[in-house]
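Structural characterization, general
Single-letter residue listing:
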Amino acid sequence: MNLSEPAAQADAPTAPDRQAFLAALTRLEPGCRVLTRREDITPYECDGLAAYRNLPLAVVQPENEAQAAEVLRLCHQHGVPVVPRGAGTGLSGGAMPITDGIVLSLARLKKILNIDPYARTATLQPGVRNLHISEAAAPYGLYYAPDPSSQIACTIGGNVAENSGGVHCLKYGLTVHNVLRVRALTMTGEVVEFGSLALDSPGLDLLAVMIGSEGMFAVVTEVTVRLIPKPQTAQVIMASFDDVEKGGDAVAAIVAAGIIPAGLEMMDRGATRAVEDFVHAGYDLDAAAILLCESDGTPEEVQEEIARMSAVLSSCGATRIQVSKNENERLQFWSGRKNAFPAAGRVSPDYYCMDGTIPRRRIGRLLTRIEQMEQQYGLRCLNVFHAGDGNMHPLILFNGNDPDEWHRAEAFGSDILEACVELGGTVTGEHGVGIEKINSMCVQFSPQERDTFFAIKHAFDPDRLLNPDKAIPTRARCAEYGKLHVRGGQLPHPDIPRF
Ligand SMILES: Cc1cc2nc3c(=O)[nH]c(=O)nc-3n(C[C@H](O)[C@H](O)[C@H](O)COP(=O)(O)OP(=O)(O)OC[C@H]3O[C@@H](n4cnc5c(N)ncnc54)[C@H](O)[C@@H]3O)c2cc1C
């Protein structure tokens, strides 16, 4: 059997008999909620990428793992696709429903099952909110390090599926570095476990394959995460630059000096101005770019690291350096960065958040390219990013009621991602591929690499019912995309058959 590409349409599972399936759904245990009325399912038509929408057949909300397994078995029997969903804060359309499929919401599985302060672990159901983990661990002097800016709402199940990051991931790692064990259900409702509470686990180590698999391999029902001691103290430097390239170079210089800050974030002038009006974080509005550089540890460690970072920043041409004087001021400086996305929503009817990664030393070059693209597409772009990781979040401002503006925004976004690849980076950072970046995957990966991704998907979900048609593009899709993107008279990937 050829595992590389999805089977042709004729071999695909037959279209579900909607009525028989919906009747069977309503016979599930009463605790398992099934929503089918339009007004009930409309809130689930998209995730945080609201430009793409679809209504599902039904939204199913189990209250425990056994019910979730029963739903999966039923969907498998009827050939009905399943899109798992946490809080729906994803920004790449990963949780967008599929017509003729169901949304399996894990939001009601939200118990903290165990906090073990001796092992420094927490075991959680998938619907537990990211911030809630640290709140529950706080009485033990512990916390969960990966902190997406959406942490007040997003769930640990979604974090596992997207391998989410946050401002503290430069020092403490992404989700993949902080999860020990995942329990999940396959599309046939079978329980599988990845990783273990010990340092190693028997057999192939598939935990890292599962983390970042965007709901395409299995449905996460339990997660054990690593907790770490809360640092005694933390301080943040806000450094201003009169030129974005200088700010980008300072990021590379800090890391080259052997310093791994607890957070290293950058915002350009457009972003600081939008944020300042919103949360009054005290940002320098004259600066072309600001850097936020955090140090944490014992008071002595922090004092020493802040002095070293200040010296590097000055040598890189910082025009102003301000160190937080107390915890309130530190949180105030961070409040601006953490509210950058909603602030963009205040200055424009819509914004399109891109997510690509480049080597740190290329930050300045990418920002210059983005400035040129703003002229080319006639749209404004605010730049905020996890500078220490080289993870960029350009926010393209547009009006979604104007189809032409939306098409320009889409093309602008694709160009940014392709520029990331050209500069030695990737089309994905931490928001996943979903449907948003599926075409850009054609630019990044060869047909052979994409075949390998399909083969792994096939090993977990041979019937292609779990979040199908997301994240991995088919050859046909890439050929179609390649046909549309003729550059300098050259077709990308001329080896791909075109139809
Ligand atoms: C304002 C804002 C700021 C953000 N900042 C960051 C940031 O700093 N860093 C970052 O990494 N992301 C960020 N995000 C993106 C988003 O919050 C993360 O991707 C988050 O992990 C999604 O979690 P969720 O529970 O909302 O998942 P959803 O959006 O519901 O789903 C995301 C994906 O996970 C799958 N999924 C969800 N639950 C499960 C499960 N139990 N089992 C299997 N698959 C599942 C879905 O099918 C989908 O593919 C931000 C989003 C917003 C709106």
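Rules behind the numbers
Residues numbered from 1 in each chain as written. Predicted model: local features only at pLDDT ≥ 70, side-chain atom pairs only at ≥ 80, totals over all residues. Buried ≥ 20, exposed ≤ 12 C-beta atoms within 10 Å, placed from the backbone. Helix = DSSP H or I, 4+ residues; strand = E, 2+ residues; numbered from the N terminus. Pairing = 2+ DSSP bridges. Expected span 1.5 Å × (residues − 1). Arc of directions from axis to C-beta. Contact = placed C-beta atoms within 7 Å. Core = buried A, V, L, I, M, F, W, Y, C linked by C-beta atoms within 7 Å. Axes fitted to C-alpha atoms, helices over the stretch in contact; angles between N-to-C directions. Parallel < 35°, antiparallel > 145°, perpendicular 65-115°, else oblique. Left-handed = near helix turned anticlockwise from the far one by under 90°. UniProt positions renumbered as here; feature names shortened; annotations may be inferred. Near = placed C-beta within 6 Å. Nonpolar A, V, L, I, M, F, W, Y, C, P; charged D, E, K, R; others polar. Domains from an automatic or database assignment.

1. Looking at the pairing of strand S2 (residues 58-61)
Taking every second residue as pointing to the same face, both faces of S2 are buried, with Ala58 and Val60 on one and Val59 and Gln61 on the other. As paired elements, strand S1 (residues 33-35) and S2 share three bridges and run antiparallel to each other. Considered in S2, the bridge of Leu35 is made with Val59.

2. Considering helix H14 (residues 363-377)
A rise of 1.5 Å per residue sets the reference length of H14, with its 15 residues, at 21 Å; its end C-alpha atoms lie 21 Å apart and thus fit the reference within 8%. Looking only at H14, the buried set comprises Ile363, Gly364, Leu366, Leu367, Ile370 and Tyr377. Buried positions in H14, seen along its axis, are confined to an arc of 160° and lie on one side of it. In H14, those exposed residues whose orientation departs by more than 90 degrees from the buried face are Thr368, Gln372, Gln375 and Gln376. Taken together, the buried residues of H14 touch helix H9 (244-256), strand S13 (263-268), strand S18 (381-386), strand S19 (391-398) and helix H15 (403-422).

3. Points about the nonpolar core
Ile102, Leu104 and Ile396 are the most contacted members of the largest nonpolar core, which has 127 residues in total. No other element matches H15, which puts six residues into this core. Ile396 has contacts with Tyr351, Tyr352, Met354, Leu379, Cys381, Ala409, Phe412 and Gly413, leaving out every residue within four places of it along the chain.

4. What to know about the packing of H14 against H15
Two elements in contact, H14 and H15, have axes whose closest approach is 11 Å; the angle formed by their N-to-C orientations is 155°. Considering their axes alone, H14 and H15 lie roughly antiparallel with respect to each other. For H14 against H15, the interelement crossing comes out right-handed. Of H15, the residues touching H14 (which contributes Leu366, Arg369, Ile370, Met373 and Tyr377) are Arg408, Ala411, Phe412, Asp415, Ile416, Ala419 and Cys420.

5. Re the UniProt feature "domain: FAD-binding PCMH-type" (unreviewed entry) in the protein
As annotated in UniProt, the feature "domain: FAD-binding PCMH-type" (unreviewed entry) corresponds to residues 52-230 in the numbering used here. Helix makes up 23% of residues 52-230 and strand 25%, and the two end C-alpha atoms of the span are 39 Å apart.

6. Some words on the site of the ligand
Taken together, 36 residues form the shell around the ligand, and within it Gly86, Gly94, Gly157, Gly158 and Gly215 come nearest. Tallying contributions element by element places helix H5 (residues 156-162) first for the shell around the ligand, with five residues. Here the residues of the shell around the ligand sort into 13 nonpolar, 18 polar and five charged. Of the residues that make up the shell around the ligand, three or more belong to each of domain 1 (15-105) and domain 2 (112-229).

7. Quick notes on helix H11 (residues 299-315)
Between its terminal C-alpha atoms H11 stretches 25 Å, which fits the 24 Å expected from 17 residues at 1.5 Å a residue. A positive backbone phi angle near 95° is found at Gly317, which sits one or two residues after H11.

8. As for the environment of Arg408
Following the sequence through the fold, Arg408 ends up in helix H15. Distance from Arg408 to Ala287, taken between C-alpha atoms, is 29 Å for residues 121 residues apart in sequence. Those residues in contact with Arg408, other than ones at most four positions away along the chain, are Tyr377, Gly378 and Leu379.

9. What to know about the sheet that holds strand S9 (residues 191-195)
Ordered in space as S5-S6-S10-S8-S9, the five strands form an open sheet in which the pairing is antiparallel. Of all the strands in the sheet, just strand S5 (112-116) and S9 have a single pairing partner and so form its edges. On average, each strand axis in the sheet is inclined to that of its neighbour by 10°, with strand direction left out of account. Examined bridge by bridge, strand S6 (residues 121-124) and strand S10 (residues 219-226) share four bridges and lie antiparallel to one another. When the sheet's bridge partners are listed, Ala122 is paired in S10 with Val225. On top of the sheet, helix H3 (residues 65-78) reaches strand S8 (179-185) and S10; it is set at about 140° to S10, its chief contact.

10. Thoughts on the environment of Gly247
Looking at the element boundaries, Gly247 is found in helix H9. Among the residues examined, Gly247 registers 28 C-beta atoms within 10 Å and is labelled buried. Linking Gly247 and Ala289, residues 42 residues apart in sequence, is a C-alpha distance of 6.5 Å. If we ignore the near neighbours within four places in the chain, the residues touching Gly247 are Phe241, Met266, Ala289 and Leu291.

11. A closer look at the domain arrangement of the protein
Once the domains are mapped, the protein shows domain 1 (15-105), domain 2 (112-229), domain 3 (233-341) and domain 4 (348-422). Centre-to-centre, using C-alpha coordinates, domain 2 lies 30 Å away from domain 4. Listed per partner, the contact involves four residues of domain 2 and four residues of domain 4. Residue classes in the side of domain 2 that touches domain 4 are distributed as three nonpolar, one polar and no charged.

12. Considerations on unusual backbone geometry
Positioned with a positive phi, Arg464 is a non-glycine residue whose angle comes to about 55°. In this fold, Arg464 is placed in the loop between helix H17 (447-460) and helix H18 (475-484). Owing to 18 C-beta atoms within 10 Å, Arg464 belongs among the partly exposed residues under this scheme. The phi dihedral of Asp469 falls on the positive side, at around 60°, and the residue is not glycine. Relative to the assigned elements, Asp469 resides in the loop between H17 and H18.

13. Details of the sheet that holds S1
Read from one edge to the other, the open sheet built from four strands follows the order S1-S2-S4-S3, with strand pairing classed as mixed. This sheet does not close on itself; its edge strands, each paired only once, are S1 and strand S3 (82-85). Averaged over neighbouring strand pairs, the angle between their axes works out to 20° when direction is ignored. Sitting on the sheet, H3 is in contact with S2, S3 and strand S4 (102-105), with an inclination near 165° to S4.

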